[in-house]
Structure formats: C-alpha cells, structure tokens
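Commentary on secondary and tertiary structure
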Amino acid sequence: MTLADAWQWLLAHSWVFTVFGIVFLCLVLRLILKYVFDRLERATGLTQNVYDDAIIRVARKPIGWAILLYGVLAAAAIVRDNTQTGILEFIPQVREIGTIGLLAWFAIRFIGEVSKAVATHHEEQHDRATVDAVAKLLRVSVLITGFLIGLQSLGFSIEGVLAFGGIGGIAVGFAARDMLANFFGAFVLLMDKPFAVGDWIRSSEMEIEGTVEDIGWRVTRIRTFDKRPLYVPNANFTNITIENPSRMTNRRIKETIGVRYDDMSVLPDILNDIRNMLAEHEEIDTSQILMVNLNEFSESSADFFIYTFTKTTDWARFHEIKEDVLLRIAHIIEGRNAEIAFPTQTLHLDPVAIAQTVS
C-alpha cells in the first residue's frame with residue numbers, strides 16, 4: 001500500500017478518529033467530573049442544609065454514567081451512519097430508556113439520602129419509622145412512573161397497559177387480598193403509630209410479647225425476650241389490642257405487707273415513717289399518687305399496702321429501686337421493734353379437757 005492509498009483510506013475512514021475522540025473526551029470529562037464533585041462535596045459538607053449534601057452525593061454516579069451513555073451512543077450513531085449497521089437502529093430508544101433510567105436512579109437515591117438525613121434529626125423512633133415509610137412510598141412511585149414512561153417510549157400504549165391492569169387487577173385482588181390487607185395494615189401502623197421500632201409491645205390475644213425490630217410492608221418482626229424472632233402479619237394488628245409498655249410514664253410499686261397483731265400499737269408510726277420515706281425518696285415520683293394505708297386484718301397479720309410510682313420506666317432500674325424501697329420498709333419495721341408477720345396458728349387448749357385426759 002502506497003502513502004497515497006493510506007491517505008485515501010484515512011480520509012475515507014476519518015469517522016473512526018471521531019469515534020475515538022468522543023470516547024476519549026467522555027473519559028476526560030469523567031475525570032473532570034470527579035474533581036469537581038470532590039470539591040463540591042467538601043464545600044457542602046460545611047453547611048447545615050441536608051439537601052445540598054444529598055444532591056451532590058447522589059448526582060455523582062448518574063451524571064458520570066450519563067456522560068458515558070451519551071458519548072457511547074453518539075459514537076454508535078457515527079458508526080451506524082458510516083457502516084449502515086442495522087443493529088444500531090435502536091439508538092434513539094436506548095437513549096430515551098437510558099435517560100429515564102438515570103433520572104429514576106437519581107430520584108430514588110436522592111429520596112434515600114434525604115430520608116436518612118431527616119431521620120437522624122428525629123430522636124423519636126416512630127418519627128423515623130414514618131420518614132422511612134414515606135420514603136418507601138416515594139421510591140415505589142418513582143419506579144412505577146419510570147416503568148410506564150419507559151413503556152411509552154418503546155411504543156407501547158400506557159392506556160392499554162392501565163386497562164389491562166384494571167382487568168387483571170380483579171383477579172389479582174382475589175389472589176392477593178391477604179397481601180393487600182398486610183400492606184394496608186402496615187400503612188395504618190405507620191400512620192396511627194401504636195408502636196415503633198425499638199418499642200416493647202405485648203398482646204394477650206395473640207400471645208405476642210417482645211421488642212419491635214422492623215415494621216415491613218407485609219410482616220412486623222418482633223424479638224421475643226428469649227431472643228426468638230417472631231414474624232406477625234400486619235393485618236393482625238388491626239384486629240387486636242396492643243399494649244405498649246415502652247410508652248409508660250412511670251412504673252408502679254404495689255405491695256402488701258403484714259405485721260404481727262402484737263405490733264398493732266406501733267403500726268400507725270410504721271405507716272407514717274414509710275410515707276415520709278417514700279416522699280423523701282429521690283427515685284419516687286411524688287407528683288403521682290402515693291398511698292400507705294392499713295388494708296386488711298387477715299388470719300395471721302394486720303396487712304397494709306404501699307402504692308406509689310417510680311420516676312424511671314427502665315425495667316432493670318425499676319427493680320433496683322423497688323428492692324431499695326422494700327429493704328427500707330423492713331428496716332423501718334425493725335426500728336419500731338416490730339416484725340413482719342408470717343402465717344401462724346394459735347392453738348388454745350382447754351385445761352379441764354387436758355386434766356381429764358391425763359387422769
């Protein structure tokens with residue numbers, strides 16, 4: 001091949017250099033993009049706005065892939081025009097589908113980043129669960145919208161798809177009514193907020209008791225106190241009564257204590273000392289009801305009860321406080337030279353009958 005022939009070939013295939021230049025430019029633009037986004041991410045990290053941070057973090061990958069997508073499709077269009085390759089006739093549809101996919105990807109990532117940022121600013125578990133639920137609904141909406149627009153760009157009629165969905169939805173509704181019931185059960189849970197992740201709940205109707213670990217769209221996962229996972233369909237929670245001890249304001253101390261009948265003379269002093277002790281106790285909530293009263297004359301003791309509330313709701317700490325209160329009560333009774341009664345019986349013998357038996 002002469003130099004002239006080589007030159008003629010280069011002129012005839014100059015589009016190859018154009019394709020190479022486009023691909024090379026895409027790679028260079030990606031490197032520039034990385035440098036720009038690194039600078040922007042450091043700058044937005046200094047602000048208190050969560051949205052600019054989310055936009056910068058989630059836009060990096062979609063924009064990078066968009067540069068490659070449009071660059072490769074532009075190069076493919078040049079190849080198609082110069083080689084008449086039939087397989088590349090779908091470039092416009094690929095461009096549209098790619099654009100829709102990248103926008104949906106950006107929206108889904110943005111929703112996820114914003115929901116995480118917003119959830120971290122809420123200390124309450126039920127607020128975090130609500131944010132997570134709204135984020136899930138938005139992501140599903142984006143996916144469905146992107147899917148329908150993608151079908152439209154491929155030439156399918158959205159009206160036909162929706163009409164088919166309406167007809168098929170009747171059959172699917174019967175087959176999936178339990179799934180739909182669980183879905184709406186989850187929606188009711190997240191809106192009414194009878195409990196949230198981390199709460200201790202129980203229901204005697206279904207023998208449910210444990211800590212909520214996750215509220216899903218179909219089931220709620222509860223960790224029982226013996227560390228077994230319990231999966232409860234969400235529809236069940238709309239028909240049962242749920243008790244949420246995690247949201248109690250105080251824990252109650254309710255005890256009945258008996259003293260001997262021989263100590264009746266000092267019982268008023270004992271009761272008064274216990275009232276003063278509870279009123280001065282640093283862990284007792286004196287804004288709640290506080291009662292110490294003689295309650296009953298039982299078979300072997302005079303019984304009084306104490307009824308009061310602790311400031312804490314922590315289960316372990318409550319038992320420490322209750323133990324301290326009971327020990328103080330025992331010390332008060334002992335300090336009055338009295339004793340806590342235990343079941344006893346007094347047997348009275350007839351002296352005459354005894355004498356007759358002996359004789």
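Before reading further, recall that the structure is shown in the block above.
What this report covers is the structure whose coordinates are included nearby. Being a predicted model, the structure only gives us computed values, none of them experimental.

Describing the overall build of the protein chain
Helix and strand counts for the protein chain come out as ten helices and seven strands. The buried share of the protein chain, reckoned over its 359 residues, is 30%. Relative to all contacts within the protein chain whose residues are 6 or more apart in sequence, the contacts with residues 24 or more apart total 65%.

Concerning the pairing of strand E1 (residues 200-203)
Across four bridges, E1 lies against strand E2 (residues 208-215) in antiparallel orientation. Paired with Ser-203 across the bridge in E2 is Ile-208.

Regarding the pattern of salt bridges
What the rule picks out here adds up to 17 salt bridges. With a shortest N-O distance of 2.9 Å, Arg-202 and Glu-243 are connected by a salt bridge. Of this pair, Arg-202 sits in strand E1 while Glu-243 sits in the loop between strand E4 (229-233) and strand E5 (251-259), placing them 41 residues apart in sequence. For Glu-243, a relative accessible area of 39% gives the class partly exposed. Through salt bridges with shared partners, a single ionic network connects Lys-34, Asp-38 and Arg-60.

A word on the sheet that holds E1
Taken in spatial order, the four strands line up as E1-E2-E3-E4 in an open sheet, and their pairing is antiparallel. Sheet topology places E1 and E4 at the edges, where each strand pairs with a single neighbour. Neighbour-to-neighbour, the strand axes of the sheet open up by a mean angle of 45°, direction not taken into account.

Quick word on the packing of helix H8 (residues 267-280) against helix H9 (residues 315-335)
Orientation of H8 relative to H9, taken along the N-to-C sense of each, is 145°, at an axis distance of 10 Å. In this structure, H8 crosses over H9, and the sense of that crossing is right-handed. Residue-level contacts link Ile-270, Asp-273, Ile-274, Met-277 and Leu-278 of H8 to Val-325, Arg-328, Ile-329, Ile-332 and Ile-333 of H9. Here the contact of H8 with H9 is built from residues that sort into eight nonpolar, no polar and two charged.

Here's the deal with the pairing of E4
Within a regular strand, side chains alternate between the sheet's two faces. Looking at chain direction, strand E3 (residues 219-223) and E4 are connected through five bridges and run antiparallel. Paired with Arg-223 across the bridge in E4 is Pro-229.

Things to note about the nonpolar core
If you look at the biggest cluster of nonpolar residues, it comprises 22 residues, and the most contacted ones within it are Ile-274, Phe-304, Ile-306, Val-325, Ile-329 and Ile-333. Of all the secondary structure elements, the ones that give two or more residues to this core are E5, H8, strand E7 (302-310) and H9. Leu-190, Phe-195, Ile-208 and Phe-237 belong to the second-largest nonpolar core, a separate cluster that totals eleven residues.

Observations concerning the packing of aromatic side chains
For the coordinates displayed, the defined rule picks out six aromatic pairs. Taking 6.1 Å as the distance between ring centres and 25° as the angle between the ring planes, the aromatic pair formed by Tyr-261 and Phe-297 counts as stacked. Of the two residues, Tyr-261 is situated in the loop between E5 and H8 and Phe-297 in strand E6 (residues 291-297); the sequence distance between them amounts to 36 residues. Taking the relative accessible area as the measure of exposure, Phe-297 reaches 53% and is therefore exposed.

What about the sheet that holds E7?
Spatial strand order, E5-E7-E6: three strands in an open sheet with antiparallel pairing. Looking at which strands have only one partner, the edges of the open sheet turn out to be E5 and E6. Each adjacent strand pair in this sheet contributes to an overall mean axis angle of 20°, direction not counted. Pairing analysis gives six bridges linking E6 to E7, with the strands arranged antiparallel. Bridging from a neighbouring strand, Asn-293 pairs with Phe-305 of E7. The sheet contacts of H8 involve E5, E6 and E7, and relative to E6 the element is tilted by about 150°. Taken strand by strand, H9 contacts E5 and E7, and its axis lies near 25° from that of E5.

Regarding unusual backbone geometry
Positive phi outside glycine occurs at Glu-207, with the angle close to 55°. The phi dihedral of Asn-337 falls on the positive side, at around 55°, and the residue is not glycine. Looking at where Asn-337 falls in the secondary structure, it is placed in the loop between H9 and helix H10 (351-358). Taking the relative accessible area as the measure of exposure, Asn-337 reaches 70% and is therefore exposed.

As for the side chain of Ser-301
Topologically, Ser-301 is positioned in the loop between E6 and E7. Given the relative accessible area of 7%, Ser-301 is considered buried. Polar side-chain contacts of Ser-301 include one of 2.6 Å to the side chain of Asp-303. Ignoring sequence-local partners within four residues, the contact set of Ser-301 consists of Gly-258, Val-259, Tyr-261, Glu-296 and Ala-341.

Cut-offs used in this document
Residues numbered from 1 in each chain as written. Predicted model: local features only at pLDDT ≥ 70, side-chain atom pairs only at ≥ 80, totals over all residues. Heavy atoms only, no water. Helix = DSSP H or I, 4+ residues; strand = E, 2+ residues; numbered from the N terminus. Buried < 20%, exposed > 50% of the residue type's maximum accessible area, 1.4 Å probe, protein only. Contact = heavy atoms within 4.5 Å. Pairing = 2+ DSSP bridges. Salt bridge = Lys/Arg side-chain N within 4 Å of Asp/Glu carboxyl O. Axes fitted to C-alpha atoms, helices over the stretch in contact; angles between N-to-C directions. Left-handed = near helix turned anticlockwise from the far one by under 90°. Nonpolar A, V, L, I, M, F, W, Y, C, P; charged D, E, K, R; others polar. Core = buried A, V, L, I, M, F, W, Y, C linked by side-chain atoms within 4.5 Å. Phe/Tyr/Trp six-rings, centres within 6.5 Å; stacked < 30°, edge-to-face > 60°. Polar contact = N/O pair within 3.5 Å; in protein donor to acceptor, adjacent residues only side chain to side chain.

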